[in-house]
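Take a look at the letters that make up each chain.
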Amino acid sequence: MSEEKKSTRKQIAAAKPLKKLMADYFYEMDDAAKTGSKKIAWCTSVGPAELLRGMGFLVYYPENHGAMLGATRMSTELIPYANALGYSPDICSYLTCDVGSYLQKKTPLTMAYNIESVPRPDVLVFNTNQCRDVQDWFAWYSRELNVPLVGVHTHRDIGEIREYQIKDIASQIKDMIPKLEGVTGEKFDIDRFKEAVGYSRRTSELWRACLEEAAAIPSPWTFFDATIHMAPAVVSRGTKVANDYYELLLPELKQRVKDGVAAVEGEKHRLYWEGMPIWGKLRPLSEQFYSLKTCVVASTYCNSWIFDQLDPDKPFESMGVAYTELFIVRDEPYKEQYITDCYNRFKFDGILFHDAKTCPNNSNNRYGMPERLSEKLGIPVLTINGDLCDLRCYSEEQAKTNIEAFVEQLEEG
Amino acid sequence: MTDKIEPVFAGVDVGASRTKVVILDAEKNLIGHAVKKSGTDFTETAGVCLESSLKMAGISKEDIASCISTGYGRKNVPFSHETKTEIGCHAKGCYHYFPVSMTIIDIGGQDNKVIKLDEHGRRISFKMNRKCAAGTGAFLEEMSARLDIPLEEMDGLARKSENMVELGSYCTVFSGTEVLEKIRQGKKVPDIVKGLFLSVIKRVLEMDSLTDRVVMTGGVVAHNAYLVDMVQEITKSEILVPEYPQLTGAVGAALFAMEGEKP
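**Some remarks on the overall build of chain B**
Part 1 of the reasoning: Each helix and strand counted, chain B has nine helices and ten strands in total.
Part 2 of the reasoning: For a compact globule of 263 residues, the expected C-alpha radius of gyration is about 18 Å, and chain B comes in at 19 Å, within 12% of that figure.
Part 3 of the reasoning: Referenced to the eigenvectors of the C-alpha coordinate spread, the extents of chain B come out at roughly 60 × 35 × 30 Å.
Part 4 of the reasoning: Within chain B, the proportion of its 263 residues that are buried is 51%.
Part 5 of the reasoning: For chain B, restricting intrachain contacts to residue pairs at least 6 apart in sequence, the fraction spanning at least 24 positions comes to 68%.

**As for the overall build of chain A**
Part 1 of the reasoning: Looking only at helices and strands, chain A features 18 helices and eight strands.
Part 2 of the reasoning: Relative to its length of 413 residues, chain A is compact, with a C-alpha radius of gyration of 21 Å against a globular reference of 22 Å.
Part 3 of the reasoning: Each of the three principal axes of chain A carries a C-alpha extent, and together these read 65 × 45 × 40 Å.
Part 4 of the reasoning: The buried share among the 413 residues of chain A stands at 52%.
Part 5 of the reasoning: A separation of at least 24 residues holds for 77% of the contacts in chain A among residues at least 6 apart in sequence.

**Digging into the domain arrangement of chain B**
Residue and element names in this part refer to chain B.
Part 1 of the reasoning: Segmentation of chain B into domains returns domain 1 (8-88 + 247-258) and domain 2 (101-241).
Part 2 of the reasoning: Computed from C-alpha atoms alone, the centre-to-centre distance between domain 1 and domain 2 is 26 Å.
Part 3 of the reasoning: Counting residues at the interface gives six residues for domain 1 and ten residues for domain 2.

**Examining the packing of helix α4 (residues 75-83) of chain A against helix α5 (residues 93-104) of chain A**
All names here are of chain A.
Part 1 of the reasoning: Running from N to C, α4 and α5 cross one another at 85°; their axes reach a closest spacing of 7 Å. Of the possible angle classes, the one that applies to α4 and α5 is roughly perpendicular. Here Ser 75, Leu 78, Ile 79, Pro 80, Tyr 81, Ala 82 and Asn 83 of α4 lie close against α5, whose contacting residues are Ser 93, Thr 96, Cys 97, Val 99, Gly 100, Ser 101, Leu 103 and Gln 104.
Part 2 of the reasoning: Among the residues making up the contact of α4 with α5, the classes are represented as eight nonpolar, seven polar and no charged.

**Here's the deal with the sheet that holds strand β7 (residues 112-117) of chain B**
All names here are of chain B.
Part 1 of the reasoning: Ordered in space as β8-β7-β6-β9-β10, the five strands form an open sheet in which the pairing is mixed. Each edge of the open sheet carries a strand with a single partner, namely β8 (123-128) and β10 (239-240).
Part 2 of the reasoning: For strand β9 (residues 213-217) and β10, the ladder comprises two bridges, and the chain directions are parallel. What sits directly across from Val 214, in β10, is Ile 239.

**Notes on the confidence of the model for chain B**
Part 1 of the reasoning: On average, residues of chain B score 92 in pLDDT, and 97% of them reach the 70 mark or higher.
Part 2 of the reasoning: Under the prediction, the complex receives an ipTM of 0.88, its pTM being 0.93.

**Some words on the packing of α5 of chain A against helix α7 (residues 133-145) of chain A**
Residue and element names in this part refer to chain A.
Part 1 of the reasoning: Put simply, α5 and α7 touch, their axes get as near as 9 Å, and they point 10° apart. By the angle between their directions, the pair α5 and α7 is classed as roughly parallel. α5 and α7 meet at a crossing whose hand is right-handed. Along the contact surface, α5 presents Leu 95, Asp 98 and Val 99, while α7 presents Asp 133, Asp 136, Trp 137 and Trp 140.

**Describing the interface of chain A and chain B**
Part 1 of the reasoning: On the side of chain B, 16 residues touch chain A, which itself brings 15 residues to the contact.
Part 2 of the reasoning: The residue makeup of the side of chain A that touches chain B, split by class, is four nonpolar, seven polar and four charged.

**Examining the environment of Gly 260 of chain B**
Part 1 of the reasoning: Examined against the element boundaries, Gly 260 of chain B turns out to sit in the segment after α9 (248-258).
Part 2 of the reasoning: The class of Gly 260 of chain B is exposed, set by 10 C-beta atoms lying within 10 Å.

**Overview of the environment of Lys 254 of chain A**
All names here are of chain A.
Part 1 of the reasoning: Structurally, Lys 254 is set in helix α12 (residues 240-259).
Part 2 of the reasoning: Residue classification places Lys 254 among the partly exposed positions, given that 15 C-beta atoms sit within 10 Å.
Part 3 of the reasoning: Taking C-alpha positions, Lys 254 is 37 Å from Arg 162, a pair spaced 92 residues apart along the chain.

**Re the pairing of strand β3 (residues 123-127) of chain A**
Residues and elements named next belong to chain A.
Part 1 of the reasoning: Among the five residues of β3, five are classified as buried, and the element is accordingly described as predominantly covered.
Part 2 of the reasoning: Of the two faces of β3, both are covered, the one formed by Val 123, Val 125 and Asn 127 as well as the one formed by Leu 124 and Phe 126.
Part 3 of the reasoning: Direction of pairing for strand β1 (residues 40-43) relative to β3: parallel, over a ladder of three bridges. Bridge pairing in β3 places Ala 41 opposite Val 123.
Part 4 of the reasoning: Examined bridge by bridge, β3 and strand β4 (residues 149-152) share four bridges and lie parallel to one another. What sits directly across from Leu 124, in β4, is Leu 149.
Part 5 of the reasoning: Running through α7, the crossover from β3 to the neighbouring parallel element β4 is right-handed.

**Thoughts on the sheet that holds strand β6 (residues 294-299) of chain A**
Residue and element names in this part refer to chain A.
Part 1 of the reasoning: What the four strands build is an open sheet, ordered β6-β5-β7-β8; its pairing is parallel. Of all the strands in the sheet, just β6 and β8 (381-386) have a single pairing partner and so form its edges. Taken over all neighbouring pairs, the strand axes of this sheet differ in orientation by 30° on average, direction set aside.
Part 2 of the reasoning: Where strand β5 (residues 269-274) and β6 come together, five bridges link them in parallel fashion. Among the inter-strand pairings, His 269 is bridged to a residue of β6, identified as Thr 294.
Part 3 of the reasoning: Where helix α18 (residues 396-412) meets the sheet, it contacts β5, β6, β7 (350-356) and β8, and its direction lies at approximately 175° from that of β8.

**Let's talk about the pairing of β8 of chain A**
Successive side chains on a regular strand alternate, one facing one side of the sheet and the next facing the other.
All names here are of chain A.
Part 1 of the reasoning: The buried count for β8 comes to six of six residues, which makes it a mostly enclosed element.
Part 2 of the reasoning: Residues Val 381, Thr 383 and Asn 385 of β8 are buried on one face, and the alternating residues Leu 382, Ile 384 and Gly 386, pointing to the opposite face, are buried as well.
Part 3 of the reasoning: Bridge count for β7 against β8 is six bridges, and the pairing is parallel. When the sheet's bridge partners are listed, His 354 is paired in β8 with Ile 384.

**Observations regarding unusual backbone geometry**
All names here are of chain A.
Part 1 of the reasoning: The omega angle of the peptide bond from Ile 217 to Pro 218 is 0°, so this bond is cis rather than trans.
Part 2 of the reasoning: Turning to its location among the elements, Pro 218 is positioned in the loop between α9 (190-212) and α10 (223-229).
Part 3 of the reasoning: Positive phi, close to 55°, is recorded for Lys 105, a residue that is not glycine.
Part 4 of the reasoning: Among the structural elements, Lys 105 can be located in the loop between α5 and α6 (108-113).
Part 5 of the reasoning: Unlike most non-glycine residues, Lys 293 shows phi in positive territory, near 55°.

**Focus on helix α5 (residues 172-184) of chain B**
In an α-helix, one turn spans 3.6 residues, which is why side chains three or four residues apart end up on the same side.
All names here are of chain B.
Part 1 of the reasoning: Spanning 13 residues, α5 covers 19 Å between terminal C-alpha atoms, matching the ideal 18 Å at 1.5 Å per step.
Part 2 of the reasoning: For α5, every residue scored as buried is listed here: Thr 172, Ser 175 and Val 179. The arc enclosing the buried residues of α5, seen along the axis, measures out at 50°, which places them on a common side. In α5, the exposed residues that point more than 90 degrees away from the buried face are Val 173, Thr 177, Leu 180, Glu 181 and Arg 184.
Part 3 of the reasoning: The inward-facing, buried residues of α5 contact α3 (137-147) and α6 (189-205).
Part 4 of the reasoning: Gly 186 sits one or two residues past α5 and shows a positive phi near 85°.

Basis of the calculations
- Residues numbered from 1 in each chain as written.
- Chains lettered and ligands numbered in written order.
- Predicted model: local features only at pLDDT ≥ 70, side-chain atom pairs only at ≥ 80, totals over all residues.
- Helix = DSSP H or I, 4+ residues; strand = E, 2+ residues; numbered from the N terminus.
- Rg over C-alpha atoms; globule rule 2.2 N^0.38 Å.
- Buried ≥ 20, exposed ≤ 12 C-beta atoms within 10 Å, placed from the backbone.
- Contact = placed C-beta atoms within 7 Å.
- Domains from an automatic or database assignment.
- Axes fitted to C-alpha atoms, helices over the stretch in contact; angles between N-to-C directions.
- Parallel < 35°, antiparallel > 145°, perpendicular 65-115°, else oblique.
- Nonpolar A, V, L, I, M, F, W, Y, C, P; charged D, E, K, R; others polar.
- Pairing = 2+ DSSP bridges.
- pLDDT = per-residue confidence, 0-100.
- Left-handed = near helix turned anticlockwise from the far one by under 90°.
- Right-handed = clockwise from strand over helix to strand, strands pointing away.
- Expected span 1.5 Å × (residues − 1).
- Arc of directions from axis to C-beta.

If you want it as structure tokens, here you go:
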């Protein structure tokens, strides 16, 4: 009988400094929240972080907290408390588990860093480019904590990006400045803002380069690794800290490629992951794919923190472009072409679509895309049902069998 | 019954509802088989089924050259040499009986599968039902309990229907409520049972399109042949069914064993 082989693979050395980076990030914020030394903005992960960094805010990301709640499997217990307040089990489980976490005064930060609670915000800043749920999420905190709420309302289903869309987003970002100045009590400094945009641009370049190392055969790392190592691109974007980290990670990945180090020993198959991670099941999924000699080499998800249109010389406009050209706000033809381009670059043998019950915006299997891409690219596709944080929506046995059968199908050729 | 020892091959399909074991001889003849409720001890049930199958074939365990297990409990079979998914085994079993390109509809106790094969028997695609048990054997089991009708009588009742009652709900529990409502309205039991069958068929047909020849397998089909007649009527095409539809996955597993797909 074959049992799933436990992962014995070579660890990524940069994981250690990553741990320190994350600890420092949370300790700095915890200290600021306690002492009032710096203002804290809560921001959506694909929100206008550069503006906030450029105005001297420390930036906290509730989505990152949601992912931590998911990864620690605290989320499934906490979601029902938000459901009981009238927030449906069908809406974003980041929202519901995070609100549940607040209500129950439980956070994974306590276990990880001995931090009692998430930092209290001075302002809440959202961008609806991911979904409408983020606005409702932050609005709940705005009412609960009596904290100002500002945001960017994005365009959706975008084919070719139009000038008016960029101008609109740029002007919405500009419009936030007076309100944010009201929070910081300081005048907006364009040079500081440009510096943050420059850092963010560099982070994007480095992060893209890291992800593209997975084009190597065998791949030096997997989607599951990248979901962990993307943290600085999310939380430290717009600072030098993130760049320093990826300056460290990138050469390590390049060296792995040079040395032929395979993230999945004996890599036989390569897959693309479309949709959200299943945070509470990263390890078992990673181990199952490892045992099946299948490497998930690329994903739309990890690519979503590449904003290489950012340009410090045109900070507002380039933020408008960067936050409008994102996969998640684009139309179906664009998305299909995007995955096709990834197919050409990463040479995968199949695509796995994760249909996340509470994340329709990031579940691209629901309008026939798997079937269309399968026909276009001539590769098989698989859809598994699950969720980012609500494990009540996930049948592990069904998912495992589906994945195993999918790899069997790949073996048949 | 034979005293000649030939290499024989075993396939064990430990499903969520029933465990099925088959023994094939070297000519791929089905010489032994058994079906039993999987229960709570998959290992023991698989062992009991194997014993029955060996007895039927008139051979002993030592005669088995290779054994492959499949199904939800595939990893709970200590005497199997390798595991395969039930998707692969159903495909293998169906292609053995009908070597054409096909769409397989397997209705099991707890999950449904729609599997497409090309003319060489290679899998093109497959889909399993989503999380819920709508359209599976579990749905019919739940309804038979609600209606207090033995499962084995449902097929005969459905055939007697003259004015089928359609049920609208997607959910097994809500369907149960709907059934109670129909009873209150005085609808006839055979008409309700046929409505339940149609509900199963609708859940399956919405999983995927049907292409090429359609083959139906699984325990639900084995015990409710009228379902096949209904699908034929709905799709206006002839449906193929193997001789022992419930054993198809186990047969596929035994065929894999025969091909030497073992460590």
